[in-house]
Amino acid sequence: MEPNIAVESRKDLTAKTYRKRRERKLFWTGMLYLSPALFFLIVFLFYPMFKTLYFSFFQTAGAGIVQGFVGFDHYTRLFQSELFLGSLKSTFLFVLYTVPTGIVIALALAVIASEKLRGIGFFRIVFSSSLGISVAAGATIWLFFFHPTLGVLNNILGLFGIGSIKWLTSSSWALVSVAITTIWMNIGFNFIILLGGIQNISEELYESAKMDGAGYWRQLFSITLPLLSPTLFFVSVVTLINSFQTFGQIDILTGGGPSNSTNLIVYSIYREAFYNGRFGYASAQAIVLFLIILVFTIVQFKVGEKRVHYQ
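In short, a report on the structure. Just so we're clear, the structure is a prediction, and the values are computed from it rather than from any experiment.

**Overview of the pattern of salt bridges**
Part 1 of the argument: Under the counting rule described, the total for this entry stands at 1 salt bridge.
Part 2 of the argument: Salt-bridge contacts for Arg 278 lead to Glu 272; the nearest nitrogen and oxygen are separated by 2.7 Å.
Part 3 of the argument: For Glu 272, a relative accessible area of 6% puts it in the buried group.

**Re empty space enclosed by the protein**
Part 1 of the argument: Scanning the entire structure with this criterion turns up 1 cavity of 30 Å³ or more.
Part 2 of the argument: The calculated volume of the largest cavity comes to roughly 40 Å³.
Part 3 of the argument: Lining the largest cavity are Gln 59, Thr 60, His 74, Arg 77, Arg 278, Phe 279, Gly 280 and Tyr 281.
Part 4 of the argument: Counting residues per element, the ones that place at least two in the lining of the largest cavity are strand S1 (58-60), helix H2 (73-78) and helix H12 (279-303).
Part 5 of the argument: Tallying contributions element by element places H12 first for the lining of the largest cavity, with 3 residues.

**Focus on the side chain of Ser 90**
Part 1 of the argument: Among the structural elements, Ser 90 can be located in helix H3 (residues 82-113).
Part 2 of the argument: Look at Ser 90 and you get buried, because its relative accessible area is 9%.
Part 3 of the argument: Excluding residues that lie within four positions of it along the chain, Ser 90 makes contacts with Leu 175, Asn 260, Ser 261 and Leu 264.

**As for the environment of Phe 301**
Part 1 of the argument: Positionally, Phe 301 belongs in helix H12.
Part 2 of the argument: On a C-alpha basis, the gap between Phe 301 and Val 237 in space is 8.6 Å, while along the polypeptide they are 64 residues apart.
Part 3 of the argument: With residues up to four places along the chain from it excluded, the contact list for Phe 301 reads Phe 233 and Val 237.

**Considering the side chain of Thr 231**
Part 1 of the argument: With respect to the helices, strands and loops of the structure, Thr 231 is situated in helix H9 (residues 216-244).
Part 2 of the argument: Overall, the relative accessible area of 17% leaves Thr 231 in the buried class.
Part 3 of the argument: Residues in contact with Thr 231, not counting those within four places in the same chain, are Ile 193, Leu 194 and Gly 197.

**Description of the packing of H9 against H12**
Part 1 of the argument: For the pair H9 and H12, interaxial distance at closest approach is 10 Å and the crossing angle is 165 degrees. By the criterion of interaxial angle, the relationship of H9 to H12 is roughly antiparallel. The way H9 lies across H12 gives a crossing that is right-handed. Contacts from Phe 233, Ser 236, Val 237, Leu 240, Ile 241 and Phe 244 of H9 reach H12 at Leu 289, Ile 292, Ile 293, Phe 296, Thr 297, Gln 300 and Phe 301.
Part 2 of the argument: Tallied by class, residues from the contact of H9 with H12 come to 10 nonpolar, 3 polar and no charged.

**Things to note about the packing of H3 against helix H4 (residues 120-127)**
A pair of packed helices can be characterised by two numbers: the angle between their axes and the separation between those axes.
Part 1 of the argument: Two elements in contact, H3 and H4, have axes whose closest approach is 10 Å; the angle formed by their N-to-C orientations is 160 degrees. Considered as vectors, H3 and H4 are oriented roughly antiparallel to each other. The crossing of H3 and H4 is left-handed. Residues Leu 109, Ile 112 and Ala 113 of H3 form the contact with H4, whose participating residues are Ile 120, Arg 124 and Phe 127.

**Some thoughts on unusual backbone geometry**
Part 1 of the argument: The linkage connecting Gly 257 with the following residue, Pro 258, adopts the cis geometry, with an omega of -10 degrees.
Part 2 of the argument: Within the secondary structure, Pro 258 sits in the loop between helix H10 (248-253) and helix H11 (265-274).
Part 3 of the argument: The backbone of Ser 259 shows a phi angle near 55 degrees, a positive value even though the residue is not glycine.
Part 4 of the argument: Here Ser 259 lies in the loop between H10 and H11.
Part 5 of the argument: In this model, Asn 260 sits at a positive phi of 60 degrees, which is unusual for a non-glycine residue.
Part 6 of the argument: If you trace the backbone, Asn 260 turns up in the loop between H10 and H11.
Part 7 of the argument: A relative accessible area of 30% places Asn 260 in the partly exposed class.

How each quantity is defined
Residues numbered from 1 in each chain as written. Predicted model: local features only at pLDDT ≥ 70, side-chain atom pairs only at ≥ 80, totals over all residues. Heavy atoms only, no water. Salt bridge = Lys/Arg side-chain N within 4 Å of Asp/Glu carboxyl O. Buried < 20%, exposed > 50% of the residue type's maximum accessible area, 1.4 Å probe, protein only. 1 Å grid on protein atoms, 1.4 Å probe; cavity = no way out; pocket = protein on both sides within 12 Å on 5 of 7 lines; lining within 4 Å. Points joined across faces, edges and corners; volume = space filled by probe spheres on them. Helix = DSSP H or I, 4+ residues; strand = E, 2+ residues; numbered from the N terminus. Contact = heavy atoms within 4.5 Å. Axes fitted to C-alpha atoms, helices over the stretch in contact; angles between N-to-C directions. Parallel < 35°, antiparallel > 145°, perpendicular 65-115°, else oblique. Left-handed = near helix turned anticlockwise from the far one by under 90°. Nonpolar A, V, L, I, M, F, W, Y, C, P; charged D, E, K, R; others polar.

Listed below in structure tokens is the structure:
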């Protein structure tokens, strides 16, 4: 019996060795295929992230040349700066204006566009058209809409006897104006994603609900919205992150003004780094923004995902 046991043991060792070699070979083959993507991630994502973290602890010259270690001085100055605290407040207000409003409007349009009506394809194209417009082009279009004398919005208000509004030159309205532009720009993407989610819901569920006597609104709140919750969760996460990173429309419409009312953190980072040449101070702001987005994203996953109903 002992020789047989020894032979079986050698066979098991040989099989394990073969498995390990095969797994190792598969691993390096996979890494070979992933290497182009990993290269670009390292060069354009991970390296800039670590470089930004490194700069945030150092004083830098105008060209980004490190001059000396300052530790947490940049972070201390940030939270003592009224300008940065104002940027922080404006950023949170902007996110509050854009994220819920943009999602609700896109959801309403997606529900309308999911109806089986004649000519609905045309409206689907219209509702998603902002997706094909660049940030620069979209902001320029709204720049004309917000014009104090020639703008469409003030002309419409004039028809109702309402005085013209200084959309981009008033501290009270500038942030709202940029928020309106951003909502319009994001509607196309959110609309397409939500419409796809609605169309993936089985028609049999609606037919069964109709047979049970459920009306339109009962079907909407008992079938459509619960089964659409994974898509809504995805859209809310993406929209929140995009709102925190808004830059192009601010640069074109207001340039951070008036009186820094639209100087969101992203734009503040840009101005500190490329106008004032303070790369260390700007890097500290970038790290703070990264942590804010990270915290909000984690909270969304911890709280929001509990309410997601997967089929």
